[in-house]
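Chains, contacts and geometry: an overview
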Amino acid sequence: MGEVRLYMFQTGTLKCKYHDIYLNQGEGRDWEIPVPFYVVDHPRGLIVIDGGTPVECATDPHGHWGATADFFVPVLDEKDGCVAQMQAAGLDTSRVTHVVLSHLHLDHVGAVGRFPGARHVVQRTEMDYARSPDWFQVGAYIQSDINRAGVDWFFLEDSWGDFYDLLGDGTITLIRSPGHTVGHQSILVKTAHQNVLLAVDAADTLDHWEEKALPGALHSAVDAVRSVRKLRAVQENTGALVVAGHDPEQWAAMKRAPAYY
Ligand SMILES: [Zn+2]
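Residues numbered from 1 in each chain as written. Predicted model: local features only at pLDDT ≥ 70, side-chain atom pairs only at ≥ 80, totals over all residues. Heavy atoms only, no water.

The next point concerns the packing of aromatic side chains. Within the structure shown, the criterion is met by 12 aromatic pairs. For the pair F9 and F37, a centre-to-centre distance of 4.8 Å together with 10° between the ring planes defines the contact as stacked. With F9 in strand 1 (residues 5-17) and F37 in strand 2 (residues 30-42), this pair connects stretches of sequence that are 28 residues apart. Comparing F9 with F37, the two get one shared label, buried. Plain terms: the ring middles of Y129 and Y141 are 6.1 Å apart, the flat faces sit at 70° to each other, and that makes the pair edge-to-face. Of this pair, Y129 sits in helix 4 (residues 124-131) while Y141 sits in the loop between helix 4 and helix 5 (143-146), placing them 12 residues apart in sequence. Residue Y141 is classed as buried on the basis of its relative accessible area, which comes to 3%. Taking NZ or CZ as reference, R29 lies 4.3 Å from the ring centre of Y18, over its face. (Phe/Tyr/Trp six-rings, centres within 6.5 Å; stacked < 30°, edge-to-face > 60°. Helix = DSSP H or I, 4+ residues; strand = E, 2+ residues; numbered from the N terminus. Buried < 20%, exposed > 50% of the residue type's maximum accessible area, 1.4 Å probe, protein only. Lys NZ or Arg CZ within 6 Å of the ring centre and 35° of its normal.)

As structure tokens, this is what we get:
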């Protein structure tokens, strides 16, 4: 331990349509995206970010996701679940102190309720919306995941501002970045070696980051592009490596656990 490290993992892929990622593009053609999650190893403990697709989807996708599994098809094995992968990488999962949720879409909540005693950190606006979504978002939030029993939730209030220093030492900063969802947040991690900005779905591809295309899944297009502007300013100030949320090309070049940043 001793130094801050960032590990990158992947819970398989999601089969979807190109237009789910690129607004009004692709003419209905199929697409497949990686589903990453991240773990920060900090002297105070392990911080899991998102956790990817829940492991139940490896064996019973329709039982877990219902009809959503017809058009967002999860592709993963049981060994791809977040707990199993962390253990395979040699991380002691009893050290997990926090689970940070960028947002509560179905492919990001794989860690919820899997680490006893961990504090789960999410924007309050995201949880409020996830529990009563509008019709077109109903399938994106799986109530059985976000309402698991015995979870210690910690809600970040809008009035606290756009930046939240998770551990009080500047190593992990949660940055409000709404647009993809109403209460989305991105994560700036300062490791012993470099700064990494996990945009997550505030920029699910580098084309969104570079302002070449609008994303396909949107709560608010205007908020989404303004959040990218804000995150680009953060990147300029920190020199951080920017990691898009579901970019097949960029993700293929990332170091995977047990390697780390
Ligand atoms: Zn999402």
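Turning to the side chain of D247, a few remarks are in order. Mapped onto the secondary structure, D247 falls in the loop between strand 12 (241-244) and helix 8 (248-252). Side-chain polar atoms of D247 contact the backbone nitrogen of E249, separated by 3.0 Å. Leave out the neighbours within four places in its chain, and D247 touches P34, D204, T205 and L206. (Polar contact = N/O pair within 3.5 Å; in protein donor to acceptor, adjacent residues only side chain to side chain. Contact = heavy atoms within 4.5 Å.)

The buried fraction of strand 6 (residues 119-123) amounts to 4 of the 5 residues, a majority that puts the element mostly inside the structure. The sheet contact formed by strand 5 (residues 96-100) and strand 6 spans 3 bridges and is parallel. Note on strand 6: the bridge partner recorded for H98 is R119. (Pairing = 2+ DSSP bridges.)

Taken together, the 5 strands give an open sheet; going across it, the order is 8-9-10-11-12, and neighbouring strands pair in mixed fashion. Among the strands making up the open sheet, the edge pair consists of strand 8 (163-165) and strand 12. Between one strand axis and the next, the sheet turns through 20° on average, direction left out of account. (Axes fitted to C-alpha atoms, helices over the stretch in contact; angles between N-to-C directions.)

Attention now goes to the coordination of the zinc ion. The zinc ion binds to the protein through H103 (NE2), H105 (ND1), H180 (NE2) and D201 (OD), with metal-donor distances spanning 2.1 to 2.6 Å. Here the zinc ion binds 4 donor atoms, and the angle range of 86 to 175° at the metal identifies the geometry as irregular. Counting the intervening residues between successive donors of the zinc ion yields the motif H-x1-H-x74-H-x20-D. In this pair, H105 is assigned in the loop between strand 5 and strand 6 and D201 in the loop between strand 11 (195-200) and helix 6 (206-209), connecting sequence segments 96 residues apart. Each member of the pair, H105 together with D201, is buried. (Donors = N, O, S within 2.8 Å, 3.2 Å for Na, K, Ca; no water. Tetrahedral: all angles 85-135°; square planar, octahedral: opposite > 155°, others 65-115°.)

What follows concerns the layout of surface pockets. Rolled over the atoms, a probe with the dimensions of a water molecule shows which regions are left empty. Space inside the largest pocket adds up to approximately 480 Å³. Around the largest pocket, the lining comprises 22 residues; the ones closest to its centre are D20, F72, H105, A140 and A217. Element by element, the count of residues in the lining of the largest pocket is highest for helix 1 (residues 18-21), at 3 residues. The residue inventory of the lining of the largest pocket, partitioned by class, reads 10 nonpolar, 8 polar and 4 charged. (1 Å grid on protein atoms, 1.4 Å probe; cavity = no way out; pocket = protein on both sides within 12 Å on 5 of 7 lines; lining within 4 Å. Points joined across faces, edges and corners; volume = space filled by probe spheres on them. Nonpolar A, V, L, I, M, F, W, Y, C, P; charged D, E, K, R; others polar.)

With 18 residues, helix 7 (residues 221-238) should reach 26 Å at 1.5 Å per residue; the first-to-last C-alpha distance of 26 Å fits that figure. The inward-facing, buried residues of helix 7 contact strand 8, strand 9 (172-176), strand 10 (185-190), strand 11 and helix 6. Following helix 7 by one or two positions, G239 adopts a phi angle in the positive range, close to 65°. (Expected span 1.5 Å × (residues − 1).)

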